[in-house]
Amino acid sequence: MVDITAIFLAAGRGMRMGERGRMIPKGLLSIGEATFVEEAASTLRAHGISAPRIVTGHLADQYATLASERLPDAELRHN
């Protein structure tokens, strides 16, 4: 069995989002109940890929909060 790690590049500042990009990372936006990162992780899990790695930068603390509360299998790496 091949071990695959999914990597989310989430260190950007979201400049084109204007003020909203200064307040919340793009990966933590949502349509519905789950954030984009949670939706992507769920899709990967459904296909046998677990423990996503999230490369953070801008507003990294918000990703840390999400990981501790709702994505305990995620590994965070700060850029």
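All residue numbers here refer to positions counted from 1 along the written sequence of the relevant chain. Confidence filtering applies because this is a predicted model: local features only for residues at pLDDT of at least 70, side-chain atom pairs given and counted only at 80 or more, and all residues used for totals across whole chains, interfaces and linings. The basis for every side-chain value is the complete set of non-hydrogen atoms in the structure, without hydrogens or water.

Q: Any chance you could explain the overall build of the protein here in plain terms?
A: When helices and strands are tallied, the protein shows three helices and three strands. Strands here are runs of E lasting at least two residues and helices are runs of H or I lasting at least four, both read from the DSSP assignment and numbered beginning at the N terminus. Helices and strands appear in the protein in the N-to-C order β-α-α-β-α-β. Throughout, radius of gyration means the C-alpha value; the globule benchmark is 2.2 Å times the number of residues raised to the power 0.38. Radius of gyration (C-alpha) of the protein: 13 Å, near the 12 Å computed for a compact globule of 79 residues. Partly exposed describes any residue whose relative accessible area lies between the buried limit of under 20% and the exposed limit of over 50%, with all areas from a 1.4 Å probe on protein chains only and scaled to the type maximum. Burial status across the protein gives 34% buried among its 79 residues. Residue contacts follow a heavy-atom distance rule, with two residues in contact if any of their heavy atoms lie within 4.5 Å. For the protein, the share of sequence-separated contacts (at least 6 apart) that also reach a separation of at least 24 residues comes to 62%.

Q: Teacher, can you tell me more about the pairing of strand S3 (residues 75-78) here?
A: Two faces belong to every sheet, and in a regular strand the side chains alternate between them. Where strand S2 (residues 53-56) meets S3, four bridges bridge the pair, whose relative direction is parallel. Of the residues in S3, the one forming a bridge with Arg53 is Glu75. After leaving S2, the chain enters helix H3 (residues 60-70) and then returns to the sheet as S3, a path that is right-handed. For two strands to be treated as a pair, DSSP must find at least two bridges joining them. The handedness of a crossover follows from its direction of travel: if, with the strands pointing away from the viewer, the path from the first strand over the helix to the second runs clockwise, the crossover is right-handed.

Q: Please clarify how the environment of Ile54 should be interpreted in this entry.
A: In this structure, Ile54 sits in strand S2. Between the C-alpha atom of Ile54 and that of Ala10, which follows or precedes it by 44 residues, the distance is 6.5 Å. Ignoring any residue separated from it by four or fewer positions in sequence, one finds Ile54 in contact with Phe8, Ala10, Val37, Tyr63, Leu71, Ala74, Glu75, Leu76 and Arg77.

Q: Help me out: how do you make sense of the pattern of salt bridges in this one?
A: Any carboxyl oxygen of Asp or Glu that lies within 4 Å of a side-chain nitrogen of Lys or Arg is treated as forming a salt bridge with it. Using the criterion set out here, one finds five salt bridges in the structure. Between Asp73 and Arg45 there is a salt bridge, and its shortest N-O distance comes to 3.2 Å. Of this pair, Asp73 sits in the loop between H3 and S3 while Arg45 sits in helix H2 (residues 36-46), and the two are 28 residues apart along the sequence. Classification of Asp73 by relative accessible area gives partly exposed; the value is 28%. Between Arg53 and Glu75 there is a salt bridge, with the nearest N and O atoms lying 3.3 Å from each other. In this pair, Arg53 sits in strand S2 while Glu75 sits in strand S3, placing the two residues 22 residues apart along the sequence. Each of Arg53, Glu75 and Arg77 takes part in a single network of salt bridges with overlapping partners.

Q: Would you mind going over unusual backbone geometry with me for this structure?
A: Most peptide bonds adopt trans geometry, and most residues besides glycine take a negative phi value. Non-glycine residue Ala51 carries a positive phi angle of around 50°. Residue position: Ala51 is located in the loop between H2 and S2. Of the residues examined, Ala51 reaches a relative accessible area of 35% and is grouped as partly exposed. The residue Leu59 is not glycine, and still its phi comes out positive at about 55°.

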